[in-house]
Amino acid sequence: MSEPSSRNWKATIAVSLTNYLDSGSIVAGASGLTLWAKDLNLSSLAVGILGAVSANAFGSAVGALFGGRLADKYGRKFIYTYNLLAYMLGVLIIMFSINFPMLLAGFLITGIAVGVGVPASWTYISEISDSTNRAKHIGVSQFAWSCGPAIIFTLGVLLSPLSLMGNRIIFGSLFVVAFIAWNLQRKLNESALWEQQRKMEQEATAKGAKKRHPYRELFSNAINVKAVLFLVGVYMFWNLVAGAMGFFMPYVYSTVGGLTNTQANLLQAVLWVLTALATYFLFVPLGDRVNQRALYFAGAALAALSWIILTFAGMNWVALWAFVATWGISAGIGAQAFYALWATELFPTKYRGGAQGVMFFIVRGSAGIWSIIFPTILNSLGFKVAGTVMIILLIVSLLIGVIWTPNTRGKTLQQITEERYGKSFDL
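Note that the coordinates shown come from a computational prediction; the quantities given were computed from them, not determined experimentally.

Parameters at a glance
Residues numbered from 1 in each chain as written. Predicted model: local features only at pLDDT ≥ 70, side-chain atom pairs only at ≥ 80, totals over all residues. Heavy atoms only, no water. Helix = DSSP H or I, 4+ residues; strand = E, 2+ residues; numbered from the N terminus. Rg over C-alpha atoms; globule rule 2.2 N^0.38 Å. Buried < 20%, exposed > 50% of the residue type's maximum accessible area, 1.4 Å probe, protein only. Contact = heavy atoms within 4.5 Å. Areas by Shrake-Rupley, 256 points an atom, 1.4 Å probe, with all protein chains shown as cover. Lys, Arg positive; Asp, Glu negative; His and termini not counted. Charge placed at Lys NZ, Arg CZ, Asp CG, Glu CD. 1 Å grid on protein atoms, 1.4 Å probe; cavity = no way out; pocket = protein on both sides within 12 Å on 5 of 7 lines; lining within 4 Å. Points joined across faces, edges and corners; volume = space filled by probe spheres on them. Nonpolar A, V, L, I, M, F, W, Y, C, P; charged D, E, K, R; others polar. Patch = residues over 30% accessible without salt bridge, like charges linked within 9 Å, V, L, I, M, F, W, Y side chains within 5 Å. Salt bridge = Lys/Arg side-chain N within 4 Å of Asp/Glu carboxyl O. Phe/Tyr/Trp six-rings, centres within 6.5 Å; stacked < 30°, edge-to-face > 60°. Lys NZ or Arg CZ within 6 Å of the ring centre and 35° of its normal. Core = buried A, V, L, I, M, F, W, Y, C linked by side-chain atoms within 4.5 Å. Arc of directions from axis to C-beta. Expected span 1.5 Å × (residues − 1).

**Q** What exactly am I supposed to notice about the overall build of the protein here?
**A** Helices and strands together make up the secondary structure of the protein, namely 17 helices and 0 strands. Against the 2.2 N^0.38 benchmark of 22 Å for 427 residues, the protein shows a C-alpha radius of gyration of 21 Å, consistent with a compact globule. Evaluated residue by residue, the protein yields a buried proportion of 59% over its 427 residues. For the protein, contacts bridging at least 24 residues in sequence account for 84% of all contacts bridging at least 6. Carbon and sulfur atoms form 68% of the exposed surface of the protein, whose accessible area is close to 16900 Å². A gap of 4 Å separates the mean positions of the 30 positive and 16 negative side-chain charges of the protein.

Given below as structure tokens:
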């Protein structure tokens, strides 16, 4: 049933561009908020609303909730045929915005489009991979996700003399990548596993079998509920930290550490370059070969260490570079890479996308709420308190992931489903 390896890798690369567009739009939006606020004379409330509906928070959360279900009902290819058209529309509106309603519409459309695409992308990549290279394929998608901020922050530094026009150009670059990705993705073959599952459902319906709504089946099964709690625990607590960093880290560098905007962007660019390198040279070759509990622990421990350094060593340059190095490497082998892998393994084909959509909704929605709370903690209680909270969140993610690491390495998705649900269970 599996396709030739070269074709699978081409498909993985094409679909991974969705992850680049996800992270790229988050960083492009965050890096330009101050410029947009100044140019359009936006209030702090308006800026907060833009952040809330963006790809970093509620926009993508809502998109994922619908996108995961659509990917299960109509196929993974259905998402790739239409979703990036909406993404391109969103970034075009942002590029040419002349007032707040236009900018808000652009942020909202882009955020929803990002959310729609993410569950389908991880699902599709996992379903076309072999049991011996599934983590490698997922790792490539995470490498693309890491490249987004690295490239966008670098462009931000290079285009900073152009002020707001520079940010418009950055969104223009996302439009170009989205157009290329759309042309590649709409030519992909449908997932063979999804087609097999759809055929089984049609045969069962023809025989008069009563069809249950997949979400009812998802949340009425104790195995599924445990998997949801585990994966949300791994990803949400880590993403509360990572999400706040993606949106507020330049602000923290400048207000707490006294860095210039250029220095802050350069630190972030280096951090993301290290994340991309760690993903490519550590997670990609090791994810299918070594003990996943040990690899996850290494990434999670480095993440906690990075915030311990930043919180208690002070924002001198030695501490800043140590933070950048430890967090950058940790993010390459940490919670998001493993979440993307495990979330596609622990659910059957019939609601693999839908389960991810629900979890992504919870994770990105919580990030939206935390994005409102974090600045208040930072400004009213101080950076050490805010940093300590971040450390606690990372330790919780570490413990959940290490204690309940699933035993899925080297097994096909069908084998994993049979072990978890029994041989008579549908794919």
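Here the narrative resumes.
**Q** Would you explain empty space enclosed by the protein in this entry?
**A** A probe as big as a water molecule, rolled over the atoms, marks out the empty space that is left. Throughout the structure, instances matching the rule amount to 5 cavities of 30 Å³ or more. Every residue lining the largest cavity is counted, 19 residues in all, and those nearest its centre are Trp-145, Ala-242, Gly-243, Gly-246 and Trp-272. Of all the elements in the fold, those that place two or more residues in the lining of the largest cavity are helix H1 (5-40), helix H6 (134-158), helix H10 (222-257), helix H11 (261-286) and helix H13 (317-332). For the lining of the largest cavity, the element with the most residues is H10, which contributes 6 residues. Class assignment for the residues of the lining of the largest cavity results in 11 nonpolar, 7 polar and 1 charged. Space inside the second largest cavity adds up to approximately 50 Å³. Lining the second largest cavity are Trp-238, Tyr-296, Gly-299, Ala-300, Ala-303, Ser-330, Gly-334, Ala-335, Leu-394 and Ser-397. If you list the elements that add at least two residues to the lining of the second largest cavity, you get helix H12 (292-312) and helix H16 (383-403). Counting residues per element, the lining of the second largest cavity draws most heavily on H12, at 4 residues.

**Q** How do you make sense of a nonpolar patch on the surface when you look at a structure like this?
**A** Residues Val-273, Leu-277, Tyr-280, Phe-281, Leu-282 and Ile-329 make up a contiguous nonpolar surface patch of roughly 510 Å² in combined accessible area. Counting residues per element, the nonpolar patch draws most heavily on H11, at 5 residues. Take Tyr-280: it is sitting in helix H11. Of the residues examined, Tyr-280 reaches a relative accessible area of 42% and is grouped as partly exposed.

**Q** I keep staring at the packing of aromatic side chains and nothing clicks. Help me out?
**A** How two aromatic rings sit relative to each other is set out by the distance from centre to centre and by the angle between their planes. Overall, the coordinates contain 22 aromatic pairs when judged by the stated rule. Relative to Trp-238, the ring of Tyr-235 has its centre 6.3 Å away and its plane inclined at 20 degrees; by these criteria the two rings are stacked. Of this pair, Tyr-235 and Trp-238 both sit in helix H10, 3 residues apart, which is roughly one turn of that helix. The exposure class assigned to Trp-238 is buried, which follows from its relative accessible area of 5%. An aromatic cluster is present here, built from Trp-122, Tyr-235, Trp-238, Trp-327, Tyr-339 and Phe-360 joined pairwise through their rings. Its end group placed over the ring of Trp-182, Arg-186 keeps NZ or CZ at 4.5 Å from the ring centre.

**Q** Is there a simple way to think about the nonpolar core in this case?
**A** Grouped burial of nonpolar side chains is what soluble globular proteins tend to show. Core analysis: the largest hydrophobic core is formed by 129 residues, its most contacted members being Trp-307, Phe-323, Trp-327 and Phe-347. Here Trp-307 is in contact with Val-241, Met-245, Met-249, Phe-323, Trp-327, Phe-383, Gly-387, Met-390, Ile-391 and Leu-394, once residues within four sequence places are set aside.

**Q** Just checking my understanding: could you explain the layout of surface pockets for this structure?
**A** What the largest pocket holds in volume is close to 990 Å³. What lines the largest pocket is a set of 34 residues, among which Ala-30, Leu-33, Thr-34, Phe-247 and Tyr-251 lie closest to the centre. Of all the elements in the fold, those that place two or more residues in the lining of the largest pocket are H1, helix H2 (44-52), H6, helix H7 (164-185), H10, H11 and helix H15 (352-381). Taken together, the residues that form the lining of the largest pocket break down as 16 nonpolar, 18 polar and no charged.

**Q** Is there a simple way to think about helix H17 (residues 413-421) in this case?
**A** For an α-helix, the turn length of 3.6 residues means that residues three or four places apart are oriented alike. Listed in full, the buried residues belonging to H17 are Leu-413, Ile-416, Thr-417 and Tyr-421. When H17 is viewed along its axis, its buried side chains cluster within an angular range of 100 degrees and face the same direction. In the core, the buried residues of H17 are packed alongside helix H5 (100-128), H6, helix H8 (192-206), H10, helix H14 (335-345) and H15. Positive backbone phi, approximately 105 degrees, marks Gly-422, located one or two places after H17.

**Q** Where do I start with the pattern of salt bridges in this structure?
**A** Tallying each qualifying case throughout the model produces 8 salt bridges. In this structure, Arg-364 and Asp-22 form a salt bridge, with 3.4 Å as the shortest nitrogen-oxygen distance. Of this pair, Arg-364 sits in helix H15 while Asp-22 sits in helix H1, and the two are 342 residues apart along the sequence. We note that Arg-364, like Asp-22, is buried. Two residues, Glu-217 and Lys-350, come together in a salt bridge whose shortest N-O distance is 3.3 Å. Of the two residues, Glu-217 is situated in helix H9 (residues 214-220) and Lys-350 in the loop between H14 and H15; the sequence distance between them amounts to 133 residues. Here Glu-217 and Lys-350 have matching classes, each one buried. In the salt-bridge network here, residues are joined through shared partners; they are Asp-72, Arg-76, Glu-127 and Arg-352.

**Q** Please explain the side chain of Thr-349 as it appears in this structure.
**A** Turning to its location among the elements, Thr-349 is positioned in the loop between H14 and H15. Residue classification places Thr-349 among the buried residues on the basis of a relative accessible area of 2%.

**Q** Is there a simple way to explain unusual backbone geometry in this structure?
**A** Comment: phi is negative for the bulk of residues other than glycine, and the bulk of peptide bonds are trans. Although it is not a glycine, Asn-41 adopts a positive phi angle of roughly 55 degrees. As for its position among the elements, Asn-41 is in the loop between H1 and H2.

**Q** Can you help me understand helix H3 (residues 58-74) in this one?
**A** Look at H3: 24 Å from first C-alpha to last across 17 residues, which is about the 24 Å you get at 1.5 Å a residue. For H3, the complete set of buried residues consists of Gly-59, Ser-60, Ala-61, Gly-63, Ala-64, Gly-67, Gly-68, Ala-71 and Asp-72. Packing partners of the buried residues in H3 comprise H2, helix H4 (76-95), H5, H8 and H15.

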